[in-house]
Amino acid sequence: MSRIEFPPNFQWGAATAAYQIEGGMRVAGKGESIWDRFSHSPGRILGGATGDIACDSYHRFQEDIDLLKSMNLSSYRFSIAWTRIQPEGKGPAHRSGLDYYRRLMEALLEAGIRPLPTLYHWDLPQALEDSGGWPARDTAGRFADYAAITLRELGDLASDWVIFNEPNVFTALGYVLGIHAPGHQSLEAGLRATHTVNLAQGEAMRAMRSESSGLRIGTAFNMSPCEPAGDREEDAEAAERWHRFVNLWFLEPALHGRYPEAFLKGVPEETMGIQDGDAERMQAPLDFLGINLYTRSLVEEDLNDAYGIGAKPVEPQGDRAGPRTDFGWEVWPSALRDMVLRITRDYDRPVIEITENGCSYGDAPSAGGQIPDTRRIEFHRGFLQALHQAIEAGADVRSYHAWSLLDNFEWAEGYSQRFGLAWVDFETGERTLKDSGLWYGQVAQENGFEAR
Ligand code: FCB
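Structural notes on the packing of helix H3 (residues 57-70) against helix H5 (residues 95-110)
1) Next: It is the contact of H3 with H5, at a shortest axis distance of 10 Å, that shows an interaxial angle of 15°. Judged by the inter-axis angle, H3 sits roughly parallel to H5. The handedness of the crossing between H3 and H5 comes out as right-handed. Touching Ser57, Tyr58, Phe61, Gln62, Ile65 and Leu68 of H3 are Tyr100, Arg103, Leu104, Ala107 and Leu108, all from H5.

Right under this line is the structure:
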């Protein structure tokens, strides 16, 4: 047995998102978001679930902080609900919304935990969706205003901020596939949305910096290493194009002011509404890259795909496949090492924070009240080992955040997928650390663990 030891000052954390845990949908003048609207639309969410109450963290955040503390964690990634700050997506900051986040962040600081707020984890004000949503260019300016007032009011409580959570996911699932809010199915709208989000990323960063100095700003990109499904050269090329689309579509614009060559016929500039000067506007020299990673992608050539990328992800089969979580996602730990090393190589060793990594397993409390989720322990052990290999090979990784602190509202899946280190009884709101939470707390305390 050898010991896996993380670098000194490595931060151990957990992540959540406002709509998935807060509840408090109608309290203190909060405005309606696209997720409030979507979850209340019949047939959209498994079992008709909504986030109206969720984990009730709006009222129980001190219990969440106690859990973080009991696991010796030093970083908490949460998100700010735009509709608590600007109920209609514009206008002055709403005092009681700000107060909630001020209390949360002060309590974190009190507990010695770094607050790592995300400005946008998918809950666009419905009023802005009504005026065009992310496909509308104006939304970039609205978002930059929101970023500015949030930093003006709360910038004294955190130096590290995340702009967007998984821009590729919310633009694709929300506007192209229609399985997330706001539920549109239009390739054109989805592509336009990606461009507005890229503009918003640059504009928000400038707005944030003009409000507060000494900030460290990142975005949490959903990433997945893309491997060719077959031995054909065509599959290798398709995997590379897919990589550029899923992993780099919001990173290249931020760091280099350009879109990567993901499409067979070039960047669809007209469809996306790209204008002169946008290359400069999109630039956002991020201080760190947040990586959310759950699994790998196997890709093969598909010259008839709807996007025009000429590629499609395929399910791993037979003895090439890893085990699956309850969500059906393949467990493939080396994906984290491979992705981190690829980004380290291609972007000149940027500072990386792992902003999400985790798994859904339904393991429930036993008669004794213990929650024996050994598969989750194995999951984190495997991914952490792979992350450690990437660090040994030269990657500059500063933190790891388990998704999630709590079982919560898993978007279209409602409450059916449990990702938490803590079990939540959704009847009573009671939280109980699972065995994985106890194990993770030990790892955080020792800054490592014994490898097998
Ligand atoms: C990520 C999301 C997060 C959660 C996990 C399971 O894509 O950022 O909110 O749903 O997946």
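And the narrative resumes.
Structural notes on the pairing of strand E12 (residues 396-403)
A regular strand carries its side chains on alternate faces of the sheet.
1) Next: When you tally the buried positions in E12, you get seven out of eight residues, the bulk of the element.
2) Next: Where strand E2 (residues 11-15) and E12 come together, five bridges link them in parallel fashion. If you follow Ala14 over to E12, its bridge partner there is Ala402.
3) Next: Sheet analysis places strand E11 (residues 351-357) next to E12, joined by five bridges and oriented parallel. By the bridge assignment for E12, Val351 is matched with Asp396.
4) Next: After leaving E11, the chain enters helix H15 (residues 374-392) and then returns to the sheet as E12, a path that is right-handed.

Considerations on the environment of Pro135
1) Next: As for its position among the elements, Pro135 is in the loop between helix H6 (126-130) and helix H7 (138-154).
2) Next: On the basis of relative accessibility, which here comes to 15%, the residue Pro135 falls in the buried class.
3) Next: Along the chain, Pro135 and Pro42 lie 93 residues apart, while their C-alpha atoms are 24 Å from each other.
4) Next: Filtering out sequence-adjacent residues up to four positions away, Pro135 remains in contact with Tyr175, Ala189, Arg192, Ala193 and Thr196.

Thoughts on the site of the ligand
1) Next: In the vicinity of the ligand, the contacting residues are Gln20, His121, Trp122, Asn165, Glu166, Asn292, Tyr294, Glu356, Trp403, Glu410, Trp411 and Phe419.
2) Next: Within the side chain of His121, an N or O atom sits 2.8 Å from an oxygen atom of the ligand.
3) Next: A distance of 3.0 Å is found between an oxygen atom of the ligand and a side-chain nitrogen or oxygen belonging to Glu356.
4) Next: In isolation the ligand exposes 290 Å². Once the protein is present, 95% of that is buried.
5) Next: Counted by class, the shell around the ligand contains five nonpolar, four polar and three charged residues.

Brief notes about helix H16 (residues 435-446)
1) Next: Between its terminal C-alpha atoms H16 stretches 17 Å, which fits the 16 Å expected from twelve residues at 1.5 Å a residue.
2) Next: Among all positions of H16, only Asp435, Ser436, Gly437, Trp439, Tyr440, Gly441, Val443 and Ala444 are buried.
3) Next: Summarising the contacts, the buried residues of H16 are in contact with E2, H15, E12, strand E14 (431-433) and strand E15 (448-450).
4) Next: Asn447 sits one or two positions beyond H16 and adopts a positive phi of about 55°.

Examining the pattern of salt bridges
1) Next: One pass over the structure, following the stated rule, counts 40 salt bridges.
2) Next: Between Arg102 and Asp156 there is a salt bridge, and its shortest N-O distance comes to 3.1 Å. Pair noted here: Arg102 is in helix H5 and Asp156 is in the loop between H7 and strand E5 (160-165), with a separation of 54 residues, a long-range link.
3) Next: Looking at Arg102, the relative accessible area reads 24%, which means it is partly exposed.
4) Next: Across the pair Asp346 and Arg345 runs a salt bridge whose closest N-O atoms are separated by 2.9 Å.
5) Next: Each of Arg3, Glu5, Glu446 and Glu450 takes part in a single network of salt bridges with overlapping partners.

Calculation rules
- Residues numbered from 1 in each chain as written.
- Predicted model: local features only at pLDDT ≥ 70, side-chain atom pairs only at ≥ 80, totals over all residues.
- Heavy atoms only, no water.
- Axes fitted to C-alpha atoms, helices over the stretch in contact; angles between N-to-C directions.
- Helix = DSSP H or I, 4+ residues; strand = E, 2+ residues; numbered from the N terminus.
- Parallel < 35°, antiparallel > 145°, perpendicular 65-115°, else oblique.
- Left-handed = near helix turned anticlockwise from the far one by under 90°.
- Contact = heavy atoms within 4.5 Å.
- Buried < 20%, exposed > 50% of the residue type's maximum accessible area, 1.4 Å probe, protein only.
- Pairing = 2+ DSSP bridges.
- Right-handed = clockwise from strand over helix to strand, strands pointing away.
- Near = heavy atom within 4 Å.
- Polar contact = N/O pair within 3.5 Å; in protein donor to acceptor, adjacent residues only side chain to side chain.
- Areas by Shrake-Rupley, 256 points an atom, 1.4 Å probe, with all protein chains shown as cover.
- Nonpolar A, V, L, I, M, F, W, Y, C, P; charged D, E, K, R; others polar.
- Expected span 1.5 Å × (residues − 1).
- Salt bridge = Lys/Arg side-chain N within 4 Å of Asp/Glu carboxyl O.

In short, geometric facts, not functional conclusions.
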